Every structure is written in C-alpha cells, then in structure tokens.
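Descriptive analysis of the structure
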Amino acid sequence: MHDKPIVLWFRNDLRLGDHAALVAAVHTGAPILPLYILDDASPKQWKMGGASHWWLDKSLAALAGDLASRGGPLVLRRGDSETELLRMIEETGAAAVYFTRSYEPWAVALEQRLKTKLDDANVACRRFGGRLLREPEDMRTSNGGFYKVYTPFSRAIMKDLVPAKSVRAPERIATLEKQPKSERLRDWALHPQKPDWSKGFAAAWQPGEAGARKRLSDFVRTALKSYARDRNCPATPGTSRLSPHLAFGEISPAACWHAAAHAGGKTNGSDNAAETFLKELLWREFSAGLLFHFPELPEEPFRPEFSAFPWHGNAKHLKAWQTGQTGYPIVDAGMRELWATGYMHNRVRMITASFLIKHLLIPWQTGEAWFWDTLVDADLANNSANWQWVAGSGADAAPYFRIFNPVLQGEKFDPDGDYVRRWVPELAKLPRQIIHAPWKADSGTLMEAGVKLGKSYPNPIVEHGEARARALAGYEHIKNSH
Ligand code: FAD
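Residues numbered from 1 in each chain as written. Predicted model: local features only at pLDDT ≥ 70, side-chain atom pairs only at ≥ 80, totals over all residues. Heavy atoms only, no water.

As recorded in an unreviewed UniProt entry, the protein goes by the name Deoxyribodipyrimidine photo-lyase, listed as coming from Hyphomicrobium denitrificans. The annotation that UniProt attaches to the protein under Catalytic activity (unreviewed entry) is "cyclobutadipyrimidine (in DNA) = 2 pyrimidine residues (in DNA)." (UniProt positions renumbered as here; feature names shortened; annotations may be inferred.)

Here it is in structure tokens:
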C-alpha cells in the first residue's frame with residue numbers, strides 16, 4: 001500500500017474495463033488520480049477534428065460518470081500533455097504516471113520525452129498496451145522488417161495470437177483526499193460551431209463504454225452471422241459500427257475479438273462466421289503497424305513515385321464532393337451520410353474516395369483531411385492507410401488502374417437504391433433501374449419522380465469515361481517518369 005498517488009493518464013482509452021494501466025494502478029493500493037488532458041500538441045493538420053470533438057465531449061462525460069460511481073472523479077486539464085502531467089505531479093506529489101501507449105508519431109515522441117523527464121524527477125513512468133491486439137514491434141517479417149502486405153501479416157498474427165483476457169472494471173477506485181482542480185467539460189465547448197453540423201449525431205450513436213459494449217453485444221447477436229455477406233451493402237445494418245468506440249478506446253480490440261470469436265464459433269459449426277470480421281480487426285492492426293513504422297503515412301505516398309502524380313482538381317469540384325452534389329447518387333449519398341452522422345459505410349468510403357482521387361484528380365490528402373474533420377471514427381492510421389490504399393500509393397494498395405465506376409458500384413452494392421433514397425431524398429421516387437444514373441432516365445420518368453436535373457439534383461460534374469481516361473493518363477505519367 002502506497003500513500004503517494006498514481007496519475008492515471010487517459011488518452012484514446014476512455015474505458016474502465018480491460019484497462020491494463022488502471023488494473024495495475026488499482027493493484028498497488030495507492031490513491032488514483034484519473035486525468036484527461038485536452039492537448040493541442042499534435043501538428044496543426046492533425047488536431048482532433050470537429051466530429052471527433054463531438055464524440056470526445058460525450059465520451060468524457062460518460063467516463064467521468066463511470067469513474068464517479070466508483071469513487072474517483074475525472075480531472076480535466078487543457079494544454080500541453082507534458083507540462084500538465086508535470087504540473088499534476090507537483091500539485092499532488094504523485095509518485096507515478098500510468099497510461100496506455102499510442103502510436104501516432106507525435107504521441108510516440110511525447111511518450112519518449114515524458115519517460116526521460118519522469119526518470120529525471122524520480123517519478124515512475126509505466127506504459128501499457130491495450131489499444132492493439134499485438135504491439136507493432138512484435139510483428140516482424142522473417143528478415144526483421146515490418147509487414148507491408150496484409151495477407152502474410154494476418155497469417156502471422158493469427159498463428160499465435162492470444163488476445164488479452166477481458167478484465168472487468170474495478171468496483172472501487174481509491175481516490176485522493178484533496179482533489180486537484182478540474183476544468184469543466186462544458187467550458188471546452190467541443191461541439192462543432194459555425195455551423196454545428198452534429199445535430200444528427202446523437203440519434204446515431206451512444207458514445208462511452210456502455211454504448212460500446214451494447215453495440216458489440218447487439219452486433220454479435222444479430223449481424224455477425226451474416227457479416228461476410230452483408231458487410232458490403234450500405235443499406236443494410238450489416239457491420240458492427242464499432243469504429244468510433246475503438247478509435248476512442250471505449251472498448252478494447254481484445255474484447256471485440258473474444259466476443260466475435262466466441263459467438264462466431266457457435267453460430268456456424270466448422271466455418272467460423274466471425275472470421276471475416278476478425279480479419280477486419282486485423283486491417284486495423286495492419287494500418288497501425290504501417291503508421292508506426294512509416295510515420296509519414298498521413299502525408300507522403302508510401303510508394304514514392306506517386307509524389308509526381310499530376311493532380312489538377314479544382315475547388316468547385318471539391319465543394320461538390322464535400323456537400324454531396326456531384327451528380328453521382330452513390331457518391332452523394334455517402335458524403336451526405338458522413339455529414340449527417342459522422343460516419344460512412346466502408347464500401348461507400350471506397351467509392352467516394354476513389355471518385356475524389358481518380359474522377360476529380362484531387363490529391364488523396366485533401367480527402368483524408370475532410371474525413372479527418374468529419375468522421376466520428378477518425379483514426380490517423382486507418383484513415384491514412386485507407387486513403388493510400390484507394391489512391392494506389394499505399395502499402396498493399398488497390399492497383400491504381402482499377403477505377404471504380406460509381407454507377408456500377410451503386411447498382412452492385414445498393415441494387416434497390418435504398419441507400420441512395422435514404423440520403424438523397426430528391427431521387428427517392430426514381431425506379432431502382434435508373435436511380436444510380438438519373439441522367440439516363442427519360443423525361444417522363446424524371447417528371448414522374450419529381451426530378452429536375454440541373455435544378456433539384458445536379459447533372460454529373462464529370463463524365464465517367466472522360467474522367468477515367470484522364471486518371472489513367474495521370475498514372476501513365478508517373479509510370480513513365482519513374
Ligand atoms: P466493421 O466492418 O464492423 O469492422 C470492424 C472494425 O474493423 C472496424 O470498426 C475497424 O476498427 C476495423 N476495420 C474495418 N475495416 C477496416 C479497414 N479497411 N481498415 C482498417 N480497419 C478496419 N476506419 C476508421 O476506424 N477510421 C478512419 O478514419 C477510417 N478512414 C477510412 C477512410 C477511407 C477512405 C476508407 C476506405 C476506409 C476508412 N476506414 C476508417 C476503414 C473502414 O471504413 C471503417 O473502419 C469501417 O467502415 C467502420 O465501420 P464498422 O465499425 O461498422 O466496421
């Protein structure tokens with residue numbers, strides 16, 4: 001039993017269950033000081049986006065409630081993490097800082113600096129895993145490098161992966177007799193402003209650990225068994241929608257793994273229904289590893305030849321893409337879903353990203369930045385790895401010359417047009433055969449559906465065949481110049 005407090009520094013691990021740092025801290029018997037720092041230390045372009053701020057607001061409120069019911073209030077501070085942590089140690093005489101490790105380049109650098117400072121001050125610095133299933137340092141290829149191709153990575157990780165066992169949240173958390181001052185969450189004004197586009201978020205999500213656990217149990221009970229079939233259909237609730245909960249660490253990947261593996265095994269005899277889902281969780285691991293070993297991933301193409309790509313998109317096209325006014329219904333539906341809910345279905349993320357990069361010739365980094373600001377699940381590794389995957393410039397990326405045709409993609413993955421009807425209501429009355437290409441409808445059909453092309457819904461801002469040819473010419477340029 002120690003008298004000196006331990007600072008439990010919360011970051012992207014806003015939960016109490018399956019929290020190795022919390023378990024270890026409680027185990028010492030010392031009083032615990034749960035602390036969250038709103039840190040603006042990340043580089044300008046990777047400051048937390050508007051949608052993430054909305055989520056953070058709710059998630060911190062939930063965490064504070066969960067902690068309070070166990071006796072330990074959450075202290076909130078704003079500023080530079082290092083400075084605030086040192087200040088907290090000085091204010092409370094804390095003997096240790098415990099935290100879950102992170103993998104963003106600035107977070108890695110911060111952890112290193114902090115360790116040196118705490119060592120100098122004779123304060124223990126203990127770092128724990130939990131954000132990933134396996135630490136990136138443990139995933140080495142036979143010649144000691146890191147994995148750049150997903151399939152061997154997933155095979156290697158699957159071979160001997162034993163995800164951490166689930167640990168329940170402690171029932172009581174010993175607290176300090178004299179609490180340091182906390183800022184007030186509401187003073188942080190984390191909702192997007194001018195405009196506040198987050199009004200529809202609350203109906204779609206329940207941020208916080210309880211919401212995450214509910215989401216996981218609902219998913220394994222319902223959609224998991226048909227996940228492999230339905231995961232590509234944006235109109236069907238066929239995926240877990242766990243991504244923002246995972247991004248904020250409200251649930252551990254290990255908990256998702258165990259729940260799915262257990263339920264999947266039971267649902268489908270020899271063919272484990274969970275396998276496809278578990279492989280998606282491994283894409284998350286793979287992306288985190290890429291970012292860890294190649295910290296330039298959010299800005300630089302992984303394949304250097306793509307630096308010379310002749311982009312020439314324009315601001316008008318970018319605006320049309322952001323606001324869901326491109327004239328391609330599946331693209332517009334996705335961009336509007338994103339704006340309204342802070343989320344977009346994975347298949348549609350691929351279609352909209354491909355459209356921006358290849359049809360509009362706008363750099364993938366521009367789309368990445370928009371997603372970063374508007375996604376509630378914005379995650380530096382997943383976002384940059386996936387944008388690069390679509391752009392063809394990433395590790396193990398889709399070949400550049402495979403250019404999605406947004407009409408065919410719509411017809412294949414939204415065959416009845418239900419997803420488009422939900423998000424592009426001005427097209428709702430079009431028959432399914434034509435809903436993905438309204439400009440091909442005859443005037444009678446358009447009139448009957450109340451669609452006035454160019455007025456109630458735009459004509460396509462680029463023609464698919466021409467755009468495809470331009471994109472391929474751009475690719476030839478980098479192929480030949482390298
Ligand atoms: P499920 O299908 O239920 O998958 C379960 C979990 O596996 C997800 O929650 C996620 O953590 C992980 N996962 C699934 N697909 C991927 C993938 N392709 N790459 C990495 N991890 C994956 N995901 C983010 O979490 N944050 C992002 O910022 C992000 N940006 C993206 C940008 C683009 C251009 C694209 C094409 C994809 C992006 N993704 C991102 C990946 C993917 O679209 C989302 O993880 C997924 O749609 C989340 O929905 P879900 O939780 O229902 O997924």
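1. A short note on the overall build of the protein
When its secondary structure is counted, the protein shows 20 helices and five strands. Taken over C-alpha atoms, the radius of gyration comes to 24 Å for the protein, in line with the 23 Å a tight globule of 482 residues would show. Referenced to the eigenvectors of the C-alpha coordinate spread, the extents of the protein come out at roughly 80 × 50 × 50 Å. Relative to its 482 residues, the protein shows a buried fraction of 54%. Excluding contacts between residues fewer than 6 apart, the proportion of contacts in the protein whose partners are at least 24 apart in sequence is 78%. Of the roughly 21,200 Å² of accessible surface on the protein, 53% is carried by carbon and sulfur atoms. (Helix = DSSP H or I, 4+ residues; strand = E, 2+ residues; numbered from the N terminus. Rg over C-alpha atoms; globule rule 2.2 N^0.38 Å. Buried < 20%, exposed > 50% of the residue type's maximum accessible area, 1.4 Å probe, protein only. Contact = heavy atoms within 4.5 Å. Areas by Shrake-Rupley, 256 points an atom, 1.4 Å probe, with all protein chains shown as cover.)

2. Remarks on the pairing of strand β1 (residues 6–10)
Burial of β1 is extensive: five of the five residues sit out of reach of the surface. By the alternation rule, side chains of β1 split into Ile6, Leu8 and Phe10 and Val7 and Trp9, which are all buried. For β1 and strand β2 (residues 32–38), the ladder comprises five bridges, and the chain directions are parallel. From the neighbouring strand, Leu8 faces β2, where its bridge partner is Pro34. Crossover connection from β1 via helix α1 (residues 20–28) to parallel β2: handedness right-handed. Where β1 and strand β4 (residues 96–100) come together, four bridges link them in parallel fashion. Counterpart to Leu8 in the pairing with β4 is Tyr98. (Pairing = 2+ DSSP bridges. Right-handed = clockwise from strand over helix to strand, strands pointing away.)

3. So, the UniProt feature "site: Electron transfer via tryptophanyl radical" (unreviewed entry) in the protein
Residues annotated in UniProt with the feature "site: Electron transfer via tryptophanyl radical" (unreviewed entry) correspond here to Trp311, Trp364 and Trp387. With respect to the helices and strands, the residue Trp311 is situated in the loop between α11 (275–293) and α12 (315–322). Setting aside chain neighbours within four positions, we find Trp311 in contact with Ile357, Leu361, Ile362, Pro363 and Trp364. For Trp387, a relative accessible area of 2% gives the class buried. In this view, Trp387 contacts Trp321, Ala353, Leu356, Ile357, Trp364, Gly367, Glu368 and Phe371; residues no more than four positions away in its chain are not counted.

4. Description of the site of the ligand
In the vicinity of the ligand there are 27 residues, among which Tyr227, Thr239, Ser240, Arg241 and Asn346 approach most closely. Within the side chain of Tyr227, an N or O atom sits 2.5 Å from an oxygen atom of the ligand. At 3.1 Å, a backbone N or O of Asp379 approaches an oxygen atom of the ligand. Notes on the ligand: free accessible area 820 Å², of which the protein chains cover 97%. Of all the elements in the fold, those that place two or more residues in the shell around the ligand are α9 (243–247), α11, α14 (346–359) and α16 (380–391). Split by residue class, the shell around the ligand holds 13 nonpolar, eight polar and six charged. Looking at which domains feed residues into the shell around the ligand, each of domain 2 (132–164 + 209–293) and domain 3 (304–481) gives three or more. (Near = heavy atom within 4 Å. Polar contact = N/O pair within 3.5 Å; in protein donor to acceptor, adjacent residues only side chain to side chain. Nonpolar A, V, L, I, M, F, W, Y, C, P; charged D, E, K, R; others polar. Domains from an automatic or database assignment.)

5. Structural notes on the domain arrangement of the protein
In terms of domain boundaries, the protein breaks down into domain 1 (6–130), domain 2 (132–164 + 209–293) and domain 3 (304–481). Taking only C-alpha atoms into account, the centre of domain 1 sits 25 Å from that of domain 2. In this assembly, 20 residues from domain 1 lie in contact with 18 residues from domain 2. A per-residue breakdown of the area domain 1 buries against domain 2 is headed by Arg15, Trp55 and Tyr103, which together make up 39% of the total. Our enumeration of links across domain 1 and domain 2 arrives at two salt bridges. Of the charged contacts, one joins Arg101 and Glu137 as a salt bridge, the two residues approaching to 3.0 Å between their closest N and O atoms. For the pair domain 1 and domain 2, the number of links is twelve residue pairs in polar contact (both at pLDDT 80 or more). (Buried area = accessible area lost by both parts, 1.4 Å probe. Salt bridge = Lys/Arg side-chain N within 4 Å of Asp/Glu carboxyl O.)

6. Some remarks on the side chain of Thr92
Inspection of the secondary structure assignment puts Thr92 in helix α3 (residues 81–92). Classification of Thr92 by relative accessible area gives buried; the value is 18%. A polar atom in the side chain of Thr92 sits 3.3 Å from the backbone nitrogen of Ala94. Setting aside chain neighbours within four positions, we find Thr92 in contact with Pro5, Leu33, Leu176 and Pro180.

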